[in-house]
Amino acid sequence: MARNIYVTRRISQKGLDILKNRYNVSMWDSDEPVPRDELLKKIVGCDGIYCVLSDKIDAKVIEAAGSTLKTISTMSVGYDHIDLSMCKQRKITVGFTPDVLTDATAELTVALLLAASRRIVEGVNEVKSGGWGTWKPYWMCGLGLSGSTVGIVGLGRIGLAVANRLKPFGVKRFLYNNRTPSQHANLIAAELVSFEQLLEESDFVVVSCALNSDTKEMFNSNAFEKMKSSAILINTSRGGVVQQDDLYKALKTGEIKAAGLDVTTPEPLPTDHQLLSLSNCVILPHIGSATDDTRETMTILAAENLVAGIEGAPMPHQVKI
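Residues numbered from 1 in each chain as written. Predicted model: local features only at pLDDT ≥ 70, side-chain atom pairs only at ≥ 80, totals over all residues. Heavy atoms only, no water.

Participant: Mind showing me how you'd approach helix α11 (residues 292-311) here?
Facilitator: Each turn of an α-helix holds 3.6 residues, which means side chains three or four residues apart point in the same direction. The terminal C-alpha atoms of α11 lie 29 Å apart, and with 20 residues this matches the ideal 28 Å at 1.5 Å per residue to within 8%. Inspection of α11 places Thr294, Met298, Thr299, Leu301, Ala302, Ala303, Asn305, Leu306, Val307, Ala308, Gly309 and Ile310 among the buried residues, and these make up the whole buried set. The secondary structure elements touched by the buried residues of α11 are β1 (4-7), α1 (13-20), β3 (48-51), β4 (71-74), β5 (93-95) and α5 (102-117). Looking one or two places after α11, you find Gly312, whose phi comes out positive at around 75°. (Helix = DSSP H or I, 4+ residues; strand = E, 2+ residues; numbered from the N terminus. Expected span 1.5 Å × (residues − 1). Buried < 20%, exposed > 50% of the residue type's maximum accessible area, 1.4 Å probe, protein only. Contact = heavy atoms within 4.5 Å.)

And the structure:
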């Protein structure tokens, strides 16, 4: 009997063909999220769900799918949008797409760091608004990387890739904070330090850790108090790692110099959000992995994960639950 698959977003033909060649596939054919009511209706009796990061695959969704649901595959490196405890209880395998977006996310992280530190968005706005006048000695000055200390919270694949790209800029010192020592830290001569020491000594703080109970809102008023007033925070991990009201206050009062965010809570961020009123906060619409090649590779890998899970074979990348 043919298996039934539900795909929650429009994906490329290559990824779709991998699934259609084997199963009955129903897809929400839009770039916009599938409405909740539609999702709950369409997944009934499905053997597999192909989802994306913005889909909330909670207990209600899993229960609606019923006893046939065997596998969930997400086209993302993060999986905090999936109820893993329910999956474990139901013996549902979960696939994700790590590694393939490392380079793209690292590149975007560096771009965001430079945009925030060298005030690039402010500069563009000055050109467009007529604020660009005669040359002034200290106008639009920012913070340079040469001789700086960069602290990385979460020295995993992406954190290491970011450090390797920053090293040629003349960074003097890399610090990192992990639960356990990184076996790759020696490649960039990075020092394992406490979270507090990293905050106190870093000129740039780059966040590339996972979101969990330990990291949720770890960047709050207590953390910002420990940072240098000249420090810049860059977050391309998960929005929930940062307490945004506290970040606003820290930026508004000059407690820290600037911030660059590719992730927020919620997403999308409302256009009237207070952070968007600040010239020293650069916010991007979660485009860390947004290169054509990366997204195509993610699409295919998520499809391959789903096929493996349905067929009872080892997934190329399976979440340990």
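Participant: Just to check I follow, could you spell out a nonpolar patch on the surface for this structure?
Facilitator: Residues Val127, Trp132 and Trp139 make up a contiguous nonpolar surface patch of roughly 350 Å² in combined accessible area. Within the element layout of this structure, Trp132 appears in the loop between α6 (120-129) and β6 (149-153). By relative accessible area, which is 60% here, Trp132 ends up exposed. (Patch = residues over 30% accessible without salt bridge, like charges linked within 9 Å, V, L, I, M, F, W, Y side chains within 5 Å. Areas by Shrake-Rupley, 256 points an atom, 1.4 Å probe, with all protein chains shown as cover. Salt bridge = Lys/Arg side-chain N within 4 Å of Asp/Glu carboxyl O.)

Participant: Can you help me understand the pairing of strand β10 (residues 232-235) in this one?
Facilitator: Along a regular strand, successive side chains alternate from one face of the sheet to the other. Burial along β10 is two-sided: the residues Ile232 and Ile234 and Leu233 and Asn235 are all buried. Looking at chain direction, strand β9 (residues 204-207) and β10 are connected through four bridges and run parallel. Directly across from Phe204, in β10, lies its bridge partner Ile232. Between β9 and its parallel partner β10, the chain crosses via helix α9 (residues 221-226), and the hand of that crossover is right-handed. Note: β10 against strand β11 (residues 258-261), four bridges, orientation parallel. (Pairing = 2+ DSSP bridges. Right-handed = clockwise from strand over helix to strand, strands pointing away.)

Participant: Would you mind showing me how to read the sheet that holds β9 here?
Facilitator: Paired through their backbone hydrogen bonds, the strands of a sheet run either parallel or antiparallel. Read from one edge of the open sheet, seven strands run β8-β7-β6-β9-β10-β11-β12, paired in parallel fashion. Every interior strand has two partners, whereas the edge strands, β8 (190-192) and β12 (281-283), have only one. Within this sheet the neighbouring strands show an average axis-to-axis angle of 15°, counted without direction. Direction of pairing for β6 relative to β9: parallel, over a ladder of four bridges. Bridge pairing links Val150 to Phe204 in β9. Sheet strands in contact with α5 are β9, β10, β11 and β12, and its direction is about 150° off that of β10. Taken strand by strand, helix α10 (residues 244-253) contacts β10, β11 and β12, and its axis lies near 140° from that of β11. (Axes fitted to C-alpha atoms, helices over the stretch in contact; angles between N-to-C directions.)

Participant: Sorry, what's going on with the nonpolar core here?
Facilitator: Generally speaking, nonpolar side chains in soluble globular proteins are found buried as a group. With 45 residues, the main nonpolar core has Leu19, Tyr50, Val150, Ile152, Leu155, Leu166 and Phe174 as its most contacted residues. Ignoring any residue separated from it by four or fewer positions in sequence, one finds Tyr50 in contact with Tyr6, Val7, Thr8, Ile11, Leu19, Ser73, Met75, Met298, Thr299, Ala302, Ala303 and Leu306. Judged by nonpolar contacts, the second largest core, of 28 residues, contains Leu199, Met227, Leu251 and Ile256. (Core = buried A, V, L, I, M, F, W, Y, C linked by side-chain atoms within 4.5 Å.)

Participant: Mind showing me how you'd approach the packing of α1 against α11 here?
Facilitator: To characterise two packed helices, one gives the angle between the axes of the helices and the distance between these axes. Running from N to C, α1 and α11 cross one another at 10°; their axes reach a closest spacing of 8 Å. What the angle tells us is that α1 and α11 run roughly parallel. Residue-level contacts link Lys14, Gly15, Ile18 and Leu19 of α1 to Glu296, Thr299, Ile300, Ala303, Glu304, Leu306 and Val307 of α11. Looking at the contact of α1 with α11, its residues break down into six nonpolar, two polar and three charged. (Parallel < 35°, antiparallel > 145°, perpendicular 65-115°, else oblique. Nonpolar A, V, L, I, M, F, W, Y, C, P; charged D, E, K, R; others polar.)

Participant: Can you walk me through the packing of α5 against helix α7 (residues 157-166) in this structure?
Facilitator: Remark: α5 packs on α7, axes separated minimally by 8 Å, with the N-to-C direction vectors making an angle of 55°. One element, α5, and the other, α7, form an angle in the oblique class. Between α5 and α7 lies a crossing whose hand is right-handed. Two secondary-structure elements touch here, α5 through Thr102, Asp103, Thr105, Ala106, Glu107, Thr109, Val110 and Leu113 and α7 through Arg157, Ile158, Ala161, Val162, Arg165 and Leu166. (Left-handed = near helix turned anticlockwise from the far one by under 90°.)

That's the geometry; what it means functionally is another story.
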